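# Tertiary structure, described
Below, each chain spelled out in residue letters.
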Amino acid sequence: MTTMVSADTLDISFPEVDYLALAPLLIVFGAACVGILLEAFLPRTRRYSAQLVLSVVGLVAALVTIVMNVGEDRPAFAMSDGSRVDAIVIDGPGLFLMGAIVAMGVIAVLLIAERRVSAGGAFVAHAAVAADSKADAAQARHPGATEVFPLTMFAIGGMMLFCVAGDLLTMFIALEAFSLPLYLLCGLARRRRLLSQEAAMKYFLLGAFASAFFIYGVALLYGYAGSVQLVDINAAIAASGNSQVLLLSGLAMLAVGLLFKAAAVPFHVWTPDVYTGAPTPVTALMAACTKVAAIGGLLRVFNVAFGNSGNPGGPSLAWDWRPILIAIAIATMVIGAILAVTQTDIKRLLAYSSIANAGYLLVGVIALGQALGATLFYLVAYGFTVLAAFAVVTLVRDSQGEATHLSRWAGLAKRSPRFAVIFTLLMLAFAGIPLTSGFAAKFAVFSSALEAGQTSLVIVGVLSSVILAFPYLKVVVLLWLSQPVEDAPAVSMPGFMTGTAVTVGVVFTVLLGLAPQVLLNIVDGAGQFLAK
Amino acid sequence: MTPTYYLVLAAALFTIGAVGVLVRRNAIVVFMCVELMLNAANLTLVTFSRINGTLDGQIMSFFVMVVAAAEVVIGLAIIMSIYRSRRSASVDDANLLKY
Amino acid sequence: MGTTYLASYSTLGFLLVLGVLVSIAAFAANRLLRTQAPSPAKQTTYECGLDPVGDGWAQMQIRYYVYAFLYALFAVESVFLFPWAVVYDRPGFGVTAAAEMGVFVAVLALGLAYAWRKGVLRWL
């Protein structure tokens, strides 16, 4: 049964590399590396503007190369003997997911770069200084560390790679490439540093735990299929005589790792704490971009490897995993919605709403191919709204920094009606009121899940979104009808960058609500994942 | 010696690591348990590589080793910073974030 | 979705319930049978019979820690050199393979350059 292997007996040949297909990833990772160089060699005073320009230019260039790749449907590497190397697969949904991550990444970078709203920005100057020490008080005058820019770029690059990875090893590397910078970014808040460090530690320990499950699942699937390429696993499910135990336990462990990043119940416990403790711009990055990456990874794995999407009528493992995933989706929607009702802190509320939204996105994953386009639409609609919502959260401040407790938000409409109108619009979009992007997105996902025959799941989804509407409307009522507290926080004038983030988010929320067909056409044109 | 024994050993190591993460209180010990889980995955990969007669699994374990090293550096830096602020590395003491 | 389909999950459910019951029984038996005589000596760290002195977090020069980090990263990254060394002289690899390893090492050197500029490499 066992065979000794040596490199001499193996035929190893060099793959043809499609550099245009790799260009978006190379540009983002390259910009991150150049960012480190700038950090090392530029004088301190000039780093901030150089890093900001580099990050934004890098992301825009990546977006351009993504658009140049539209229409491609093949792996980025090709062997001369015709064998498959699926490390990176450039296909319609993959390009769309990468584009969504980069577009939202630009907005998140603008939020991260904002220094007008609070002096020095949201990030600590020297993370190594112990919190609440004398040195910590002294460093409060310094502007924030500019290392956050390369870290953000590495995270965004990792997320992009995660969405186009065609084998599980590349996926694991991408998972770590975006998780590790995020762990650090979570711990770099300028104010409430103990909370921030605690969030970083919780996220790190649980994230590392989840990725250990992921790689063990990969190892078991490798044992089952003899390969970690998604298409090979799909082929092995139809043909392999190996033990089903390896396959099913491997799939379960892989799913734990993926569902953790997507914040699905019962792997959601980190989300409220980390979203609350992390600096708000980083929370925005996680809520928008990480959600896209995690759901994008789930979509690809379950469609290509375990859903047999290349041959929808053929044998597939869907009968085995669907009941479990349905249970998880129902739990995620219901528990996320119910716990959101009880929250008193706006960041925690948005965290629980993000959990519930992971549930709606899982409905799209469970429905497989037919709901793929709708799920992609939902990711974009939710992402831009949540970016704008967190951008607004950064603006409501008192002397302690951001005032996130909801009681402090009472009656803010009287002092700053314009802010209240914007936040009300965003809340209505989250609640799924018609003519907003939230409604269009939920409608698209639920109707395509109905077509796929997931009636019970859709009923639970609709009911839970009714529950979830309640906390959002509670915030709206609080803003408009309550009496302001004595020392109510002020709504800062947004700087150019936060202003841009809010504007873009609101514009997308309205446009996708009024004319969803434009984007729906794009996601339909993206087609399916490359599966053969 | 059949390779199955290595798979069983790896599964046992993985379980010990997972239980350790769940029951230990010290962040560094928790983290060491995560590393044990990663190494269990490594052992599984190498064993399957031998069973399948392909080199992929061994190459994959290289990647896992490198990821584990990167995780050590990031993780210890985070735990160190929290220890310097609080003089405690117990995960139970980190309890400011709750509703 | 027939009854046999759901019945196949009942085994799993039974196993889960059984697992929970067994562990509850084990802990309950342990609680009933054990003697309880707590003393502070039992709470101390075991150090081969000696009483522990101070706490586990000894003071040490922070430089060791940063150096250890740098070493861990570079030592471990070098595992990629081994598979590369096996194939780089094969036909079709040559210059391209050397260039790719150059890029890889350059990325690592980038980290080293950053550490150097931040003053990590100076032993004070």
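Residues numbered from 1 in each chain as written. Chains lettered and ligands numbered in written order. Predicted model: local features only at pLDDT ≥ 70, side-chain atom pairs only at ≥ 80, totals over all residues.

### Comments concerning unusual backbone geometry
Residues and elements named next belong to chain A. A cis amide bond links V265 to the next residue, P266, at an omega of 5°. As for its placement among the helices and strands, P266 is situated in the loop between α9 (244–262) and α10 (270–277). Phi at D132 is positive, roughly 65°, even though this residue is not glycine. What makes D132 exposed here is the crowd of 11 C-beta atoms within 10 Å. The backbone of L435 shows a phi angle near 75°, a positive value even though the residue is not glycine. (Helix = DSSP H or I, 4+ residues; strand = E, 2+ residues; numbered from the N terminus. Buried ≥ 20, exposed ≤ 12 C-beta atoms within 10 Å, placed from the backbone.)

### Here we look at the confidence of the model for chain C
In low-pLDDT segments, the atomic positions of the prediction should not be examined closely. Residue and element names in this part refer to chain C. Confidence in the prediction of chain C, expressed as mean pLDDT, is 81, and 90% of residues score 70 or more. Here helix α2 (residues 40–43) stands out as the element of chain C with the lowest mean pLDDT, 78, in contrast to helix α5 (residues 94–117), whose mean of 88 is the highest. Scoring of the predicted complex yields 0.91 for pTM and 0.95 for ipTM. (pLDDT = per-residue confidence, 0-100.)

### Looking at the interface of chain B and chain A
Listed by partner, the interface residues are 40 residues for chain B and 43 residues for chain A. Those elements that place two or more of their residues in the side of chain B that touches chain A are α1 (4–23), α2 (27–52) and α3 (56–86) of chain B. Looking at which element gives the most residues to the side of chain B that touches chain A, the answer is α3 of chain B, with 16 residues. Classifying every residue of the side of chain B that touches chain A gives 28 nonpolar, eight polar and four charged. (Contact = placed C-beta atoms within 7 Å. Nonpolar A, V, L, I, M, F, W, Y, C, P; charged D, E, K, R; others polar.)

### Side note on the sheet that holds strand β5 (residues 401–402) of chain A
Backbone hydrogen bonds are what pair the strands of a sheet, in a parallel or an antiparallel way. Residues and elements named next belong to chain A. Pairing is antiparallel in the open sheet, where three strands are placed in the order β5-β4-β6. Unpaired on one side and paired on the other, β5 and β6 (490–491) mark the two borders of the sheet. Bridge count for strand β4 (residues 396–398) against β5 is two bridges, and the pairing is antiparallel. Across the sheet, residue D398 finds its bridge partner in β5, namely G401. (Pairing = 2+ DSSP bridges.)

### Re the domain arrangement of chain C
Taken domain by domain, chain C consists of domain 1 (3–43) and domain 2 (62–117). Spacing between the C-alpha centres of domain 1 of chain C and domain 2 of chain C amounts to 49 Å. (Domains from an automatic or database assignment.)

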